[in-house]
Every structure is written in C-alpha cells, then in structure tokens.
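Listed below are the residues making up each chain.
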Amino acid sequence: MIGHRIAAIPGDGIGREVLPAAQRVLDAAASRYDVRLSWEELPWSCAWYAEHGAMMPADGIDRLRETDAIFVGAIGHPRVPDHVSLWGLLIPIRRAFDQYVNLRPARLLPGLASPLRDCGRFDVAIVRENTEGEYSDVGGRFATPAGDVAVQESIFTRRGCERVLRYAFALARSRGGRLISATKSNGIMHTMPFWDEVTAEVAAEHPDVEWRRMHVDALAARFITDPEDLDVVVGSNLFGDILSDLAAAVSGSLGVAPSANLDPTRENPSMFEPVHGSAPDIAGRGVANPIAQVWCGAMMLEHLGHPEAAADVLAAIETVTADPVLRTRDLGGKATTKDVTSALVDVLAKA
Ligand SMILES: NC(=O)c1ccc[n+]([C@@H]2O[C@H](COP(=O)([O-])OP(=O)(O)OC[C@H]3O[C@@H](n4cnc5c(N)ncnc54)[C@H](O)[C@@H]3O)[C@@H](O)[C@H]2O)c1
C-alpha cells in the first residue's frame with residue numbers, strides 16, 4: 001500500500017460541495033491500485049478570515065510543506081474583497097512552493113456541446129506562468145496634482161520565463177508538437193519583447209516543435225474561429241488566466257475546467273484547484289458540477305505517480321459526460337452534484 005498525505009482545503013461556496021464529491025471519486029480510484037489518500041482537512045477560507053482576520057494561520061505554509069499535494073475547492077465570498085482572499089491564500093501558496101507552471105487542459109468531452117456551432121475536436125493545454133508577470137504587488141496609488149494615479153508593475157525575470165517556456169515546449173513535444181506563445185509586444189514595450197526573445201531562445205532548444213507567437217487579442221479570436229488548430233498555448237500570468245477561461249467556455253462550461261499549480265522539480269507540494277470560483281449564485285443548492293474538481297484530482301493522481309488511476313478517473317468522466325441524464329445545470333441538464341458523483345463512483349466500481 002502506498003500512502004499520500006493530501007491537504008484538502010474546500011474553501012468557500014461550491015468548493016465545500018465539489019471537493020468532498022471529488023474525494024469520494026479519488027478514494028474509489030486510488031483503492032483499486034492499493035493507494036491510500038490520507039486527507040488532512042483544513043478550514044482556511046473566507047469564513048475562517050471572518051473569524052481570524054487572515055486567510056490562513058501564520059504557520060500555514062509550513063503545515064502545507066509537510067504534505068505531498070494540496071487539493072483546493074474554491075476561494076471567495078462576496079463579503080471579502082477578492083484581492084484579499086486571493087493574495088491571502090492561493091497566491092502565497094503558489095509562490096512559497098514555486099508552483100511556476102499553471103497547467104490548464106481544456107477538452108470537448110464526449111457528449112458535451114460547445115457553444116461554438118462548428119467546434120469539431122477541441123483539445124488544448126494552456127500553460128500559464130504562475131509566479132510573476134502582471135500579478136505583482138509592486139506599485140501603488142498616488143495622489144498627484146493632476147488627480148489620482150494607480151501604478152501596477154509587471155515583473156518578468158529571465159529565470160521565470162525560461163522555466164515555464166521550457167515546460168511548455170516539452171509538453172508540446174509530448175502532445176501534438178505545436179505551440180503558440182501569447183504576446184502583446186506591439187503595445188507592451190518592455191516585458192513582452194523580452195518574453196518573445198526568451199521564447200525564441202527556448203524554441204531553438206526544441207527544433208522539433210512547430211511554434212509561433214501571436215498577439216493575445218488575435219489569439220483570443222482564434223479560440224473562436226479555429227479551435228481545432230490549437231495544441232499547447234503558453235502565456236504570462238494574466239494572458240494565461242484569461243485564455244484558460246475562454247478555453248473552458250469553448251469546452252462547454254467552467255464546471256469542467258481543471259487546473260494544476262505545479263512545481264515540476266517536485267521539491268515542493270503542487271496544488272490542484274478547478275479554474276472556477278466559489279459560484280455564490282448556486283452555492284448550497286447541491287447543483288454544482290463536480291467534474292472540474294474530479295479532473296483536478298486525476299491530475300493530482302498523475303503527478304503523485306499513479307497514471308493508471310488517473311486514466312481510470314478520466315475514463316469515468318468521459319463515460320458520465322456521454323450520458324445526457326447525468327448533466328448538471330451548467331451543461332443544460334438537471335442532475336445534482338450527488339447524482340454525478342455517485343455515477344462516477346459506480347463507473348469506477350464496474351471498471
Ligand atoms: N481559484 C479560485 O478559487 C477562484 C477562481 C475564480 C474566482 N474565484 C472567486 O469566486 C467568487 C465567484 O467568482 P465568479 O462568480 O466570478 O466566478 P465563478 O467561477 O465562481 O462563477 C462563474 C459562473 O460559472 C458558474 N459555475 C462555476 N463553477 C461551476 C460549477 N462547478 N458548476 C456549475 N456552475 C459553475 C457559476 O454558477 C457562475 O454563474 C469570487 O469571490 C472570485 O474571486 C475564485
């Protein structure tokens with residue numbers, strides 16, 4: 001029996017519904033391969049913030065350091081400003097553990113309909129830089145004689161760009177062999193030409209990968225006009241974030257979009273959380289789609305060294321999405337979180 005210690009942070013809103021659902025499915029998949037997941041439940045969330053004035057305790061990062069992986073539901077509540085909750089929990093975790101790759105696959109799953117009329121095959125991996133770039137705390141607000149001014153600096157380091165680009169090119173090599181780098185070097189005159197330069201250098205190390213750069217606005221349009229053409233897309237923190245929500249929408253719903261915050265060196269625990277947020281509009285009603293969270297769990301199993309268990313979970317997801325009765329509201333159906341979860345566990349039991 002192989003054991004893994006996993007920090008489980010359900011967080012807020014639907015995170016508290018989809019995370020326990022995914023735990024059921026992952027336990028079922030892991031047990032088939034004699035793998036035991038020991039969950040350490042951590043209540044860090046906006047509700048915890050209301051009680052303690054912080055999103056996690058002062059020793060939170062040290063406690064997480066002891067675990068093999070971190071499994072997160074969703075963080076955010078209308079009563080706590082979003083920048084407080086994000087910068088109080090997820091961003092410190094990503095940075096403390098050097099989770100410099102944010103890998104966000106998006107795929108049109110069997111049976112699901114894209115909002116695009118002629119989507120065809122859609123299977124893209126978005127690689128987002130996850131520790132620097134536009135999401136920086138350098139800047140400030142200033143009162144000037146000409147009025148209020150807000151300044152936000154972007155930080156792009158050679159090391160930060162190189163390592164995420166190397167990951168993306170290697171991923172392209174293991175998939176369809178094609179990569180697009182998102183840029184905006186026409187309008188952003190310092191950081192983006194630098195990103196482009198480093199991309200060209202890393203590309204030279206991977207002559208077998210067919211690559212090109214595209215301005216992010218044109219690339220966004222490409223997701224709509226030519227989704228079949230995409231394989232690996234790599235972008236800065238902000239560009240990757242925006243493009244992955246677009247990719248999720250093309251694949252049918254945010255409710256099926258997973259995300260992994262990876263430290264590919266494996267020196268630190270990696271973190272797995274869906275692309276979606278806490279969805280206050282549907283929270284507490286038992287109707288959230290658990291598939292994004294379950295798919296995050298499959299990525300976690302894979303990262304922990306259990307590709308067969310991960311493949312079983314993905315196959316179960318595909319079986320369930322193919323059944324119209326098992327669609328949650330976001331996919332136009334009537335199934336509940338529990339219906340979909342039980343169906344996933346049943347499929348795994350029969351496999
Ligand atoms: N990583 C995170 O934890 C994360 C990510 C995005 C937003 N947030 C936070 O979540 C809160 C709500 O943000 P938002 O409303 O902009 O985005 P959201 O992703 O929570 O919801 C957007 C829309 O998608 C629907 N949706 C999302 N996930 C779904 C699921 N699994 N099943 C069915 N429908 C689903 C919601 O009902 C809503 O209509 C905010 O506080 C925001 O900061 C957190």
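Residues numbered from 1 in each chain as written. Predicted model: local features only at pLDDT ≥ 70, side-chain atom pairs only at ≥ 80, totals over all residues.

K.L.:
Describe in detail the overall build of the protein, supporting the description with residues and values.
P.N.:
In terms of helices and strands, the protein carries eleven helices and twelve strands. Relative to the 2.2 N^0.38 estimate, which gives 20 Å for 351 residues, the radius of gyration of the protein is 20 Å and therefore close to what a compact globule would have. Overall, the protein is about 60 × 50 × 40 Å in size when its C-alpha atoms are taken along their principal axes. Per-residue burial over the protein gives 49% buried out of 351 residues. In the protein, of all internal contacts separated by at least 6 residues, the share reaching a separation of at least 24 is 77%. (Helix = DSSP H or I, 4+ residues; strand = E, 2+ residues; numbered from the N terminus. Rg over C-alpha atoms; globule rule 2.2 N^0.38 Å. Buried ≥ 20, exposed ≤ 12 C-beta atoms within 10 Å, placed from the backbone. Contact = placed C-beta atoms within 7 Å.)

K.L.:
Kindly report on the nonpolar core, identifying the contributing residues and their values.
P.N.:
Ranked by size, the top nonpolar core spans 107 residues in total, and within it Val25, Phe71, Val127, Ala168, Leu301 and Val313 carry the most contacts. When we break this core down by domain, the ones giving at least three residues each are domain 1 (1-102 + 257-351) and domain 2 (114-251). Contacts of Val25, omitting those with residues within four sequence positions, involve Val294, Gly297, Val313, Thr341, Leu344, Val345 and Leu348. (Core = buried A, V, L, I, M, F, W, Y, C linked by C-beta atoms within 7 Å. Domains from an automatic or database assignment.)

K.L.:
Residue-level account of the sheet that holds strand S8 (residues 178-183), with values.
P.N.:
Sheet architecture is open: ten strands sit in the order S2-S1-S3-S12-S11-S4-S5-S10-S8-S9, paired in mixed fashion. The open sheet has two edge strands with one neighbour each: strand S2 (35-41) and strand S9 (210-215). Neighbour to neighbour, the strand axes of the sheet diverge by 25° on average, direction disregarded. Bridge analysis of S8 against S9 gives six bridges, and the strand direction is parallel. Looking at the pairing, Ala182 lines up with Met214 of S9. (Pairing = 2+ DSSP bridges. Axes fitted to C-alpha atoms, helices over the stretch in contact; angles between N-to-C directions.)

K.L.:
Describe the pairing of S8, listing the residues and the values that go with them.
P.N.:
For S8, the buried fraction is high: five of the six residues fall into the buried class. Crossover S8 to S9 through helix H6 (residues 191-204) is right-handed. Sheet analysis places S8 next to strand S10 (residues 232-235), joined by three bridges and oriented parallel. The partner of Leu179 across the bridge, within S10, is Val232. (Right-handed = clockwise from strand over helix to strand, strands pointing away.)

K.L.:
Just give me the short version of the site of the ligand, but keep the residues and values in it.
P.N.:
In the vicinity of the ligand, 22 residues are found, and the nearest of them are Gly76, Gly255, His276, Gly277 and Asn289. Classifying every residue of the shell around the ligand gives eleven nonpolar, seven polar and four charged. (Near = placed C-beta within 6 Å. Nonpolar A, V, L, I, M, F, W, Y, C, P; charged D, E, K, R; others polar.)

K.L.:
Any chance you could break down the pairing of S10 for me, citing the residues and the numbers?
P.N.:
The alternating pattern of S10 places Val232 and Val234 and Val233 and Gly235 on opposite faces, both of which are buried. Bridge analysis of strand S5 (residues 123-129) against S10 gives four bridges, and the strand direction is parallel. Among the inter-strand pairings, Ala125 is bridged to a residue of S10, identified as Val232.

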